[in-house]
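Examination of the molecular architecture
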Amino acid sequence: MIHLKSDRELEKMRQAGQIVGEVLARMREWAQPGVTTAELDARAEELIHSRNAIPSFKGYPPGSDNPFPATICASVNEELVHGVPGPRVLQEGDIISIDVGAIYEGYHGDAAVTLPVGEISAEAQRLLRVTKAALYEAIAKARPGNRSGDISAAMQDYVERHGYNVVREYTSHGIGRQMHEDPQIPNYGRPGYGVLLRKGMTVALEPMVLSGDYRVRVLDNHWTVVAADGKLTAHFEHTVVVRDGEAEILTQWAQDDRARTEQER
Ligand code: MG
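Notes on the structure follow.

The rules behind each value
Think of each chain on its own: its residues are numbered from 1, step by step along the sequence as written. Local features in this predicted model are restricted to residues of pLDDT 70 or higher, and side-chain atom pairs are both shown and tallied only at a pLDDT of 80 or more, whereas totals for entire chains, interfaces and linings draw on every residue. To get the side-chain values, take all heavy atoms of the structure and skip hydrogens and water. Between N-to-C directions, angles span 0 to 180 degrees; the directions come from axes that are lines fitted to C-alpha atoms, helices contributing only their stretch in contact. Numbering of helices and strands runs from the N terminus, with a helix taken as a DSSP run of H or I at least four residues long and a strand as a DSSP run of E at least two residues long. Should an angle fall under 35 degrees it is called roughly parallel, over 145 degrees roughly antiparallel, and 65 to 115 degrees roughly perpendicular, with every other angle called oblique. Rotating anticlockwise by less than a right angle from the far helix to the near helix defines a left-handed crossing, while the corresponding clockwise rotation defines a right-handed one. It only takes one pair of heavy atoms within 4.5 Å for two residues to be counted as in contact. Donors, by definition, are the N, O and S atoms found within 2.8 Å of a metal, the threshold being 3.2 Å for Na, K and Ca, and water is not counted, so a site can look incomplete. The cut-offs for exposure are 20% and 50% of the maximum accessible area for each residue type, with area from a 1.4 Å probe on protein chains only; residues under the lower value are buried, those over the upper are exposed, and the others partly exposed. In the analysis that follows, any N or O atom pair within 3.5 Å is treated as a polar contact, provided that within protein one partner can donate a hydrogen and the other can accept it, and provided that, for residues neighboring in sequence, both atoms belong to side chains. Salt bridges are identified by distance alone: a Lys or Arg side-chain nitrogen within 4 Å of an Asp or Glu carboxyl oxygen. Geometry of aromatic contacts follows a simple scheme: Phe, Tyr and Trp rings, the Trp one being its six-membered ring, pair when their centres are within 6.5 Å, and the pair is stacked under 30 degrees between planes, edge-to-face over 60, tilted otherwise. Strand pairing follows a simple DSSP-based rule, namely that at least 2 bridges must link the two strands.

Looking now at the packing of helix H3 (residues 122-140) against helix H4 (residues 148-161). Viewed as axis vectors pointing N to C, H3 and H4 meet at an angle of 155 degrees, and their least axial separation amounts to 8 Å. Overall, the two elements H3 and H4 adopt an arrangement that is roughly antiparallel. Here H3 runs over H4; the crossing is right-handed. Only Ile151, Ala154, Met155, Tyr158 and Val159 of H4 make contact with H3, whose side of the interface consists of Val130, Ala133, Ala134, Glu137 and Ala138.

Right, let's get into the coordination of the magnesium ion. Each protein donor to the magnesium ion is listed here as Asp110 (OD), His173 (NE2), Glu206 (OE) and Glu237 (OE); together their distances run 2.2 to 2.3 Å. Coordination of the magnesium ion draws on donor residues from a single chain, spaced D-x62-H-x32-E-x30-E in sequence. Residue Asp110 is found in strand S5 (residues 107-116), and its partner His173 is found in strand S7 (residues 171-174); the two are separated by 63 residues along the sequence. Taken individually, Asp110 and His173 each receive the classification buried, so the pair is uniform in this respect.

Taking the relative accessible area as the measure of exposure, His173 reaches 2% and is therefore buried. Within polar-contact distance, the side chain of His173 engages the side chain of Glu206 at 3.1 Å. Those residues in contact with His173 that sit more than four places away from it in its chain are Asp110, Met179, His180, Glu181, Pro183, Ile185, Val203, Ala204, Glu206 and Glu237.

Moving on to the environment of Ser152. One can find Ser152 in helix H4. Accessibility expressed as a relative area gives 2% for Ser152, which makes it buried. In sequence terms Ser152 and Gly189 are 37 residues apart; their C-alpha atoms lie 5.0 Å from each other. Ignoring sequence-local partners within four residues, the contact set of Ser152 consists of Ile185, Pro186, Asn187, Tyr188 and Gly189.

Now for the pattern of salt bridges. Under the counting rule described, the total for this entry stands at 16 salt bridges. Between Lys12 and Glu105 there is a salt bridge, and its shortest N-O distance comes to 3.7 Å. With Lys12 in helix H1 (residues 7-30) and Glu105 in the loop between strand S4 (95-104) and S5, the pair connects residues that are 93 residues apart, well separated along the chain. Note that Glu79 is salt-bridged to Arg88, the shortest N-O span being 3.4 Å. When its relative accessible area of 12% is taken as the criterion, Glu79 is described as buried. A single salt-bridge network, built from bridges that share partners, covers Glu11, Arg14, Arg243 and Glu248.

Tallying each qualifying case throughout the model produces two aromatic pairs. Here the aromatic rings of Phe236 and Trp253 are separated by 6.3 Å at their centres, their planes lie at 45 degrees, and the arrangement is tilted. On the criterion of sequence distance, the pair formed by Phe236 in the loop between strand S13 (233-235) and strand S14 (238-241) and Trp253 in the loop between strand S15 (248-249) and helix H5 (257-264) is long-range, its members being 17 residues apart. Both residues of the pair, Phe236 and Trp253, belong to the buried class.

Now for unusual backbone geometry. With omega at -5 degrees, the peptide bond leading from Tyr60 into Pro61 counts as cis. Considering the arrangement of structural elements, one finds Pro61 in the loop between strand S1 (54-55) and strand S2 (72-76). The linkage connecting Asp182 with the following residue, Pro183, adopts the cis geometry, with an omega of -5 degrees. Looking at the element boundaries, Pro183 is found in strand S8 (residues 181-186). In the Ramachandran plot, Glu105 falls in the positive-phi region, its phi being about 45 degrees despite a non-glycine side chain.

A separate point is the sheet that holds S13. As summarised here, the arrangement of the three strands in space is S6-S10-S13, forming an open sheet in which the pairing is antiparallel. The sheet is open, and its two borders are formed by strand S6 (165-166) and S13, each paired with just one other strand. With two bridges joining them, S6 and strand S10 (residues 208-210) adopt antiparallel strand pairing. Residue pairing for S10: Val166 is matched across the bridge by Val209. Sheet contacts for H3: S10 and S13; angle to S13, the most-contacted strand, approximately 35 degrees.

Here you go:
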């Protein structure tokens, strides 16, 4: 069942999204050479608590034998998503995907950015640019009357046109009182298929992009998803609400990011 949000619910989701956006904005300053991913995690957790919110990922899923142990997913280089923070020290030239979720008064926000650590290669810069642009391509399709397949196809087409691949096993998703609600929206698909989009739907759209082959594997910690071929990967995500006209982004990490991304293309 897809739950369309009321204005009162959207107000809480805006608050949750603002907290998530703030964490990611600060990560731009914090993700520097010499910092460990555990330090980034601790700072994120502290900031979320200071805003009277709760980290969404820590302990997820409830009742699991192996719940996610941290506030952020920190996925470096060939790690695509669900990287577990720890003693790894960031090096100049790394790229790191930071994914974070927060619950505010029972409602979730969920977003991710992939950041450069110091100076990065031209190939890595291109991968980040294309993956972020794929996110805004997806958001542009999140309109009443479109279908989820329009979003999926937009992500896949844009990414493949630039010579990269989208993940097959992990999806964008509905979000609200739960972090993962219906519908699931794959990174690949066909226009005109899938769930009809309606005003008041809230979805977390997240292109997960591999610079090499699309195959992935999961490390022995049962969380970290890596490119099977070891090549660079990137991931961007926003929580948005479908409205008349353009979708509203609830997890802004910078006011003018969409316009700037357009200019960079
Ligand atoms: Mg998500």
